[in-house]
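# A closer look at the structure
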Amino acid sequence: ARADALQDITARGTLRVAVPQDFPPFGSVGPDMAPLGYDIDVAKLIGAKMGVKVELVPVTSANRIPFLQTNKVDLVISSLGKNAEREKVIDFTDAYAPFFNGVFAPAGVTASKPEELAGKTIGVTRGAIEDLELTKIAPADAVIKRYEDNNGTISAFLSGQVEVVATGNVVAAAILARNPPKRPELKFLIKNSPCFIGLSKEQPALLEKLNGILAAAKADGSLNAIAQKWLSADLPKDL
Amino acid sequence: MTYRFDYSWIAEYWPVILKGLVTTVELTLIGTLFGVALGIACAWTRSLGPRWLRPPVVAYVELIRNTPFLIQLFFIFFGLPSLGVQMTEFQAAVLAMVINLGAYSGEIIRAGIEATPRGQFEAGASLAMTRFETFRHVVLIPALQRIWPALSSQIVIVMLGSAVVSQIAAEDITFAANFIQSRTFRAFESYFLTTGLYLLLALALRQALRGVGRMLFPRRAAR
Amino acid sequence: MMTFTLWDILRNLLLAARWTVVLSLVSFIGGGLLGMALLYLRIGKARAGQMFVQGYVELFQGTPLLMQLFLAFFGLGLFGIDVPAWLAAGLALILWTAAFLVEIWRGCVESVARGQWEASASLGMGYVQQMRYVILPQAVRVAVPPTVGFSVQVVKGTALTSIIGFVELSKAGTVVTNATFEPFNVYGLVALIYFALCWPLSKSSQILERKLNVAHRNH
Amino acid sequence: MSLIAITEVKKRFGDVEVLKGINLDVERGEVVAIIGKSGSGKSTLLRCVNGLEMIDDGSIMVAGAQLINDDLHLKALRLKVGMIFQQFNLFPHLSAGCNVMLSQMVVKKTPAREAEAMARRMLERVGLGHKFDAYPDQLSGGQQQRVAIARALSMQPMALLCDEITSALDPELVNEVLAVVKELAADGMTLMMVTHEMRFAREVCDRVVFMHQGRVHEIGPPEEVFGNPRTPELRQFLGAQLVV
Amino acid sequence: MSLIAITEVKKRFGDVEVLKGINLDVERGEVVAIIGKSGSGKSTLLRCVNGLEMIDDGSIMVAGAQLINDDLHLKALRLKVGMIFQQFNLFPHLSAGCNVMLSQMVVKKTPAREAEAMARRMLERVGLGHKFDAYPDQLSGGQQQRVAIARALSMQPMALLCDEITSALDPELVNEVLAVVKELAADGMTLMMVTHEMRFAREVCDRVVFMHQGRVHEIGPPEEVFGNPRTPELRQFLGAQLVV
Ligand SMILES: Nc1ncnc2c1ncn2[C@@H]1O[C@H](COP(=O)(O)OP(=O)(O)OP(=O)(O)O)[C@@H](O)[C@H]1O
Ligand SMILES: Nc1ncnc2c1ncn2[C@@H]1O[C@H](COP(=O)(O)OP(=O)(O)OP(=O)(O)O)[C@@H](O)[C@H]1O
Ligand SMILES: [Mg+2]
Ligand SMILES: [Mg+2]
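First things first, this report covers the structure right here in the doc. (Residues numbered from 1 in each chain as written. Chains lettered and ligands numbered in written order. Predicted model: local features only at pLDDT ≥ 70, side-chain atom pairs only at ≥ 80, totals over all residues. Heavy atoms only, no water.)

## Some thoughts on empty space enclosed by the protein
To be explicit about the condition: Whether a set of points on the 1 Å grid over the protein atoms alone is a cavity depends on a 1.4 Å probe fitting there but being unable to get out, while an open set qualifies as a pocket with protein on both sides within 12 Å along at least five of seven lines; lining residues are those with an atom within 4 Å of a point. Grid points are joined across faces, edges and corners, and a volume is the space filled by probe spheres set on the points. Each residue is assigned to one class: nonpolar for Ala, Val, Leu, Ile, Met, Phe, Trp, Tyr, Cys and Pro, charged for Asp, Glu, Lys and Arg, and polar for all the others, Gly among them.
Using the criterion set out here, one finds 11 cavities of 30 Å³ or more in the structure. Here the largest cavity is characterised by a volume of approximately 140 Å³. Together, 16 residues line the largest cavity, and Asp149 of chain A, Phe74 and Gln167 of chain B together with Lys171 and Thr174 of chain C are the ones closest to its centre. Here the residues of the lining of the largest cavity are counted per class, giving 5 nonpolar, 8 polar and 3 charged.

Set out below in structure tokens:
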């Protein structure tokens, strides 16, 4: 195991955080190409509470965990869901955002349950929770196309290369908000998989510190403000 | 170094790798076949074909040679659908490779054609062959022979360049590497293994092309 | 919430293209320097040096640049070396560029007539002096057009760094595509910017080749 | 009617007029030698007759048909008139046999079997029956030139144009090629040949044409042209030749 | 003591023994012509003396020092013996003057000013004083070869090796080069020259060496070798030469 990560961060004075830039509303870019979104605001919140500068590192779903493994970042705040495989290689804090994975498709497509995906082409982002879950539940003759990042997945859906996508409800909502040529509608939910902050294994000090910050932010409503800003909804009580 | 190499995942994931290998080989074979054919057509147009056809061919060649393969691929897969042209990722990948190799091999083959002695054209003509017949039966094979080494290198370069087709979810070797990496989090091992595969593939391809050369051109190159 | 005008798209792409240019320059200059060092070994007398460079070239020309980028990016991290995307990108591109340049340049050195070696030897020059005063000045002349021509490959090679997350022109293209849903326009513009960067290089390589060849015929 | 009728033919390259009005009729079965200094337009004349160069003025008729510059007419012309070059111009990637078969199959659509039979016959005729499978780079210059002759003959032309066909050969190989040409002449083939072999021209040809500065300067039977040259130009030209 | 002493020198390329035991002594100030058929090993012999090829057996002594294959000894040797090649091998990127200056400055560390003075003197000596700034591609073959001679002379060698230095020249340029060599000989320079110019060899040389199949087959003063060849090989060789 590495030396104490929390000390490193404090000594360095900067917190390196992996954030998405292809995953609205958690992370995307504005016309000035600066990252913005839920995850970015959470990263800034944590930085502020720790009293260090935040260095945002744009990552994709596929490479965010290798970023952490190879110590290119201190934290992954990148709408990361928790599952058994991931828990083997990294540690998670408490949840910081709600997230539902769903299967989406334009109005004309019937896919109200996994069985109805048979024969359909579904786009997902490689390595995302929905990839892992969908792979388990999809029927054998459903074709899953796995794209490198959400940009690819969204482009593939919008350009008609796939007829169905599996992604987060909020992502679909963000696409809808931009009034695209193809409108993704929710067909069914795959999993309720709230987002967690990922960090290197065996860093109890850092883990404790982060959980403390999150608990405080939940208590004082600052996390709820972020949720209101990006998801237009309150945080669920059970988060 | 604290990292321990772990290759235990191979037992579970080797079919993914095998499938990727097959896809890469298929892409390369089809891409090479049609790419070289397109290259021959371009070379013919530029050095012997009708004059009005030359500017569009020059434009095509220059455009392809001066933009990255990745962008060509994105343009075909994500861009063309907005014009109503829809294709699978495999088709898009093949098309991108054909277009790419077509431009490069066209330039290489043209050099071979232009090095053909004038006497060969005249001999063909004096035997009552048309310009095209002369090209097809007299000029082409020796021209290909002249530039075969350069063409072979270009084909290997295109094969290696095909690694980026995983970006549009074509399931080639690189896709396999990325896929395994996203499941096992064994980034280094999977990239290391697939890089080795590419190296072997490149060596094998070069040997194969040398063999094809020997088959197509049994005679040593004539001046 | 955010709307992109065509100008926004172009502006962002152009801003990102700066990184493409910087990365190209770094790769080309770094690759050139490394290539020279390798060339020194390759055409030197030590057998081990020659074999090393041959192996190096085989390795870097025989594997995809993309894989080299992945390995530089994720691989070095495992050895405890912290490699940011720009460093991994630069490093992989430099190694890759050097592998091609050293082969191009070796061909140029070997294209210098044998008689030049013999004449300079018979005047009492040592190996280093022959290289320095007789062979290299002639090889450089031959080397300029293909080297400039190869710089186009370097510029295009930088596009692959987008895949390890380096935000240059290609990456900006995908990001902007997702913010605008206009892939046709965005990738069209991206292609045009690359073309504007590369075409002058290709063209000048062709012109140089013609010029230097004509001059050469007088010898 | 003459087989080849050349009337007032003019040809210029850029500013230079290379043929300045050539008149020459070649009868069926006639053997005509064309001699003259380098640059006098000999090759250009032959190339015009074969349609490799387009004439600027005048007319060329072969077997009654006018030479017109379009693909169809050119093809018809070249089926009537074969040409053999100084540099052999064999196809390096094909064996001797295939060199002879190719144009038959491509142009005349002759079936492979027949084309092969013809190729064997023609190679036999030039004394190379045993070299059917040899490639050009395995043959001596003289053998290559004989294959070229067989190749031209396999198209069954009415006339053959030969442009210095022995000039690229080592001295000891010249005779084997000339012997073949001599036999062709004896068999009644119409021949127009540019040559520097004065002895051969004297022996084999029916008429000799002396070209000078783009014109037919003197013309007549060999005894006359060689024995009794009328113009000082011809005398000077013949004087410069070593063997007459 | 001889300036150049060649004893039992053998040299093989792969399986082929090209020099089969050469013995030859050249005295100070002597001019030796080497003649013989193509492939008889003449060039190889000269190249061995200059250390461009390593000998397999025997010894070569120049001015009393043994030829040993290491950089230091080779350099010392080449300072004593200059060589001039058939293909001139001027450095195309340097002017005539710089061609002559380069090795002085690089090898002997002569200051530029002195090297330049020497270069002007040497170019003057070969009749090219006015071509100091001309580049090789602006010079005729004969002029290039004379620059090559000046370049070799500028290193002040004790002997010059010349390998068919006029063979690549047009006939009208041969004499201007030979005239320079003749003058060198008259000035007392030691010369070993492979040549096909029999008349020149006869006129200028002290001794003629006839090489045949890797051996010194005959050797003697020119009158003897040319006038009274003792072996049939030499007689045949001389017979094949047009001008003796
Ligand atoms: N394609 C061409 N373009 C320009 N000038 C040409 C061309 N072909 C021939 N000429 C010129 O036309 C003149 C006649 O050439 P031609 O080859 O007919 O002479 P020739 O009598 O065959 O000479 P030779 O005995 O050297 O073959 C020459 O001055 C030549 O330079
Ligand atoms: N580097 C080499 N490798 C192999 N064989 C060689 C080499 N150099 C020369 N030879 C062979 O050695 C033999 C003698 O060559 P050399 O050049 O000394 O002959 P030469 O007498 O100078 O002939 P020429 O008059 O043609 O110059 C030839 O058969 C030649 O093919
Ligand atoms: Mg001619
Ligand atoms: Mg020699």
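## What to know about the environment of Asn224 of chain A
All names here are of chain A. Selection rule: In DSSP terms, a helix is any run of H or I states spanning at least four residues, a strand is any run of E spanning at least two, and both are numbered starting from the N terminus. Burial classes: relative accessible area under 20% of the type maximum marks a residue as buried, over 50% as exposed, and values in between as partly exposed (1.4 Å probe, protein chains only). In this description, contact between two residues means that some pair of their heavy atoms is separated by no more than 4.5 Å.
Note on placement: Asn224 falls in helix α9 (residues 222-231). On the basis of relative accessibility, which here comes to 24%, the residue Asn224 falls in the partly exposed class. If near-sequence neighbours (up to four positions away) are discounted, Asn224 is found in contact with Asp234 and Leu235.

## Here we look at a nonpolar patch on the surface
Residue and element names in this part refer to chain B. Threshold: Each patch is built from salt-bridge-free residues with over 30% relative accessible area, joining like charges within 9 Å and nonpolar side chains (Val, Leu, Ile, Met, Phe, Trp, Tyr) within 5 Å. A 1.4 Å probe and the Shrake-Rupley method give the accessible areas. Residues count as covered only by the protein chains that appear here. Here, a salt bridge means any side-chain nitrogen of Lys or Arg that lies within 4 Å of a carboxyl oxygen of Asp or Glu.
A cluster of nonpolar side chains, namely Val25, Leu29, Ile30, Leu33 and Phe34, defines an oily patch on the protein surface of about 480 Å² accessible area. Topologically, Leu29 is positioned in helix α1 (residues 10-47). Judged by relative accessible area, Leu29 falls into the exposed class, the value being 56%.

## Overview of the sheet that holds strand β6 (residues 91-97) of chain A
All names here are of chain A. To keep it simple, the criterion reads: The pairing criterion is simple: DSSP has to find at least two bridges between the two strands. Only C-alpha atoms enter the line fits that serve as axes; for helices the fit covers just the stretch in contact. Angles between N-to-C directions range over 0 to 180 degrees.
The strand order β4-β1-β5-β12-β6 describes an open sheet built from 5 strands, whose pairing is mixed. Edge strands, defined here as strands with exactly one partner in the open sheet, are β4 (53-59) and β6. Adjacent strand axes in the sheet meet at a mean angle of 25 degrees, parallel and antiparallel pairs treated alike. The pairing of strand β5 (residues 75-80) with strand β12 (residues 195-199) spans 3 bridges and is classified as antiparallel. Within β12, the position partnered with Leu80 by the bridge is Phe196. Against the sheet, helix α2 (residues 38-50) touches β1 (14-20), β4, β5, β6 and β12, its axis set at about 170 degrees to β1.

## Points about the nonpolar core
Rules: Here, nonpolar core refers to any group of buried Ala, Val, Leu, Ile, Met, Phe, Trp, Tyr and Cys residues whose side-chain atoms link them within 4.5 Å.
With 248 residues, the main nonpolar core has Tyr38 of chain A, Met192 of chain D together with Met192 of chain E as its most contacted residues. Not counting residues up to four positions away in its chain, the partners in contact with Tyr38 of chain A are Pro25, Phe26, Tyr96, Ala97, Pro98, Leu223, Ile226, Ala227, Trp230, Leu231 and Leu235 of chain A.

## Some remarks on the interface of chain B and chain C
Selection criterion: Accessible surface is computed with a 1.4 Å probe, and the buried area is the amount of it that two parts give up when combined, taken over both parts together. As used in this structure description, the phrase polar contact means that two N or O atoms lie within 3.5 Å; if the pair is within protein, one of them must be able to donate a hydrogen and the other to accept it, and residues adjacent in sequence are counted only when both atoms belong to side chains.
Contact with chain B, which involves 38 residues of that partner, is made by 36 residues of chain C. Together, the buried faces of chain B and chain C total about 3200 Å²; carbon and sulfur atoms form 77% of this surface. The three residues of chain B that bury the most area against chain C are Asn66, Ile71 and Phe188 of chain B, which together make up 18% of that side's buried surface. Taken together, the links from chain B to chain C amount to 6 residue pairs in polar contact (both at pLDDT 80 or more). The set of elements that each furnish at least two residues to the side of chain B that touches chain C consists of α2 (54-65), α3 (69-79), α6 (131-161), α7 (173-184) and α8 (187-216) of chain B. When residues in the side of chain B that touches chain C are grouped by element, the largest group, 11 residues, is from α8 of chain B. Looking at side-chain class alone, the side of chain B that touches chain C contains 26 nonpolar, 9 polar and 3 charged residues.

## Some thoughts on the site of ligand 2
Residue and element names in this part refer to chain E. The line we're drawing: Residues are labelled near a given molecule or strand when at least one of their non-hydrogen atoms is within 4 Å of it.
Close to ligand 2 lie Phe13, Val18, Lys37, Ser38, Gly39, Ser40, Gly41, Lys42, Ser43, Thr44 and Glu164. Ser38 has a polar side-chain atom sitting 2.6 Å from an oxygen atom of ligand 2. Starting from 640 Å² of accessible surface for ligand 2 in isolation, the protein chains cover 56%. With 3 residues, the top contributor of residues to the shell around ligand 2 is helix α1 (residues 42-49). The residue makeup of the shell around ligand 2, split by class, is 2 nonpolar, 6 polar and 3 charged.

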